[in-house]
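Geometric and topological summary
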Amino acid sequence: MKILKRLWGRFVHKLRHFKIAHFKKLLREHGVAFLVIFIIWEIIEDVMFPLLFIWLGNNVNPWFLTGAPISWLLCVHPISVPIMWAIWVKISRRKNEPKDIEDQVCGPTCP
């Protein structure tokens, strides 16, 4: 019975991520970039992982088929979303940094 309660709790936890109020809260707190990263990760975690396990189960080893339902119960947001956020910050910072040393010293007003 304890196992069923835990599984139900994980399922409800997953469903909370798809509420509009949750998306609005993320948008207010962290901005559009974080919201997009979070939504993309949800798609990867809830759609692509099970499909990958089903494909591996059909083509590599049938034991991989057990990974499809397990991937819906596991939550790897605490690991994956911060990693993707850090990568995004690093990429966006590089894109916005001035490329020339003159731009760093005096900005666009230099002769």
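The following paragraphs examine the structure supplied in this document. (Residues numbered from 1 in each chain as written. Predicted model: local features only at pLDDT ≥ 70, side-chain atom pairs only at ≥ 80, totals over all residues. Heavy atoms only, no water.)

**With respect to the overall build of the chain**
In terms of helices and strands, the chain carries six helices and zero strands. Listing the helices and strands of the chain from first to last along the sequence gives α-α-α-α-α-α. When each of the 111 residues of the chain is scored for burial, the buried share is 21%. Taken as a whole, the chain presents about 8,800 Å² of accessible surface, with 71% of it coming from carbon and sulfur. (Helix = DSSP H or I, 4+ residues; strand = E, 2+ residues; numbered from the N terminus. Buried < 20%, exposed > 50% of the residue type's maximum accessible area, 1.4 Å probe, protein only. Areas by Shrake-Rupley, 256 points an atom, 1.4 Å probe, with all protein chains shown as cover.)

**Description of the packing of aromatic side chains**
Each aromatic ring pair is characterised by the separation of its centres together with the angle its planes make. Per the counting criterion, the structure on display carries one aromatic pair. Measuring from ring centre to ring centre gives 5.7 Å for Trp41 and Phe49, while their planes differ by 85°; the resulting arrangement is edge-to-face. A residue is classified by how much of its surface remains accessible, and Trp41, at 9% relative accessible area, is buried. (Phe/Tyr/Trp six-rings, centres within 6.5 Å; stacked < 30°, edge-to-face > 60°.)

**Let's talk about the side chain of Glu42**
With respect to the helices and strands, the residue Glu42 is situated in helix H3 (residues 32-59). Contact partners of Glu42, with chain neighbours within four places excluded, come to His17, Phe18, Val47 and His77. (Contact = heavy atoms within 4.5 Å.)

**So, H3**
Taking 1.5 Å per residue as the helical rise, H3 with its 28 residues ought to reach 40 Å, and the 38 Å between its terminal C-alpha atoms agrees with that figure. Of all the bends found along H3, the most pronounced is centred on Met48 and spans about 35°, while Pro50, a proline, follows it within four residues. (Expected span 1.5 Å × (residues − 1). Bend = angle between axes of the 7 residues up to and from the residue.)

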